[in-house]
Amino acid sequence: MAERENRRERRDDRSREETPEFADRLVAINRVSKTVKGGKRFGFAALVVVGDQRGRVGFGKGKAKEVPEAIRKATEQAKRQMIRVALRDGRTLHHDQEGRHGAGKVVMRAAVPGTGIIAGGPMRAVFEMLGIQDVVAKSLGSQNPYNMIRATMDGLKRESSPRQVAQRRGKKVAEILKKTEAEVAEA
């Protein structure tokens, strides 16, 4: 009996060590109703973005009869679906990127220090939870928060650092960066 309790305590300690503290942001709550014989039954859907503000971010949606339960479910799903994004100097994107999902399209651009997060609604939540400090983004097409977040995540998944590009091409990082600086000097 005591051995089982010790095992449970060790498992709880391990889970606390493995999961760093995440910040979460509630993006949208949708109330839906179902008409039944006695009146209406309400349900809630929550959209949550979770991140460690150091390059990892995820989003989730949850449905329940009460708002807190929907938010809890969405947060759990977001933690399971986190992605890692390579950031330049830990503050902005490495290169301009476009993301699409359904009718949603977003354009994200790297920015100089001091620019801040120039983005609307759901995209701002993703960038804040990711830990980006300087970015310019524009949402084109769908204004549905679900599609905007999915389009933003699509673009962020395709973001690659010079190290990843060099590894893919079988070159050194210095060779990749040297070429881009030479091209900038010519222009």
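The coordinates are above.
Here's what I pulled together on the structure shown here.

Parameters at a glance
Residues numbered from 1 in each chain as written. Predicted model: local features only at pLDDT ≥ 70, side-chain atom pairs only at ≥ 80, totals over all residues. Heavy atoms only, no water. Pairing = 2+ DSSP bridges. Helix = DSSP H or I, 4+ residues; strand = E, 2+ residues; numbered from the N terminus. Contact = heavy atoms within 4.5 Å. Axes fitted to C-alpha atoms, helices over the stretch in contact; angles between N-to-C directions. Parallel < 35°, antiparallel > 145°, perpendicular 65-115°, else oblique. Left-handed = near helix turned anticlockwise from the far one by under 90°. Nonpolar A, V, L, I, M, F, W, Y, C, P; charged D, E, K, R; others polar. Buried < 20%, exposed > 50% of the residue type's maximum accessible area, 1.4 Å probe, protein only. Salt bridge = Lys/Arg side-chain N within 4 Å of Asp/Glu carboxyl O.

1. What about the sheet that holds strand β5 (residues 97–101)?
- Across the sheet, 4 strands lie side by side as β5-β6-β8-β7; this open sheet has mixed pairing. Two strands bound the open sheet, and with one partner strand each, they are β5 and β7 (117–118).
- The strands touched by helix α3 (residues 121–130) are β6 (104–110), β7 and β8 (135–141); relative to β8, the strand with the most contacts, the crossing angle is about 145°.

2. Thoughts on the packing of α3 against helix α4 (residues 145–157)
- The contact between α3 and α4 brings their axes to 8 Å, and the two run at 45°. Compared by their axis directions, α3 and α4 come out oblique. Between α3 and α4 lies a crossing of right-handed hand. Residue-level contacts link P122, M123, V126, F127 and L130 of α3 to P145, M148, I149, T152, M153 and L156 of α4.
- Split by residue class, the contact of α3 with α4 holds 10 nonpolar, 1 polar and no charged.

3. Description of unusual backbone geometry
- The residue Q53 is not glycine, and still its phi comes out positive at about 60°.
- With respect to the helices and strands, Q53 occurs in the loop between β2 (39–51) and β3 (56–64).
- Take Q53: its relative accessible area is 43%, and that puts it in the partly exposed class.
- One non-glycine residue, D89, lies in the positive phi region at around 55°.
- Its location among the elements puts D89 in the loop between β4 (83–84) and β5.

4. As for the pattern of salt bridges
- Taken as a whole and judged by the stated rule, the model has 8 salt bridges.
- E69 is paired through a salt bridge with R72; the nearest N and O atoms lie 2.4 Å apart. Of the two residues, E69 and R72 are both situated in helix α2 (residues 67–80); the distance of 3 residues between them amounts to about one turn of the helix.
- K105 is paired through a salt bridge with E98; the nearest N and O atoms lie 3.9 Å apart.
- The class of K105 is partly exposed, set by a relative accessible area of 23%.
- Using a relative accessible area of 36% as the deciding quantity, one classes E98 as partly exposed.

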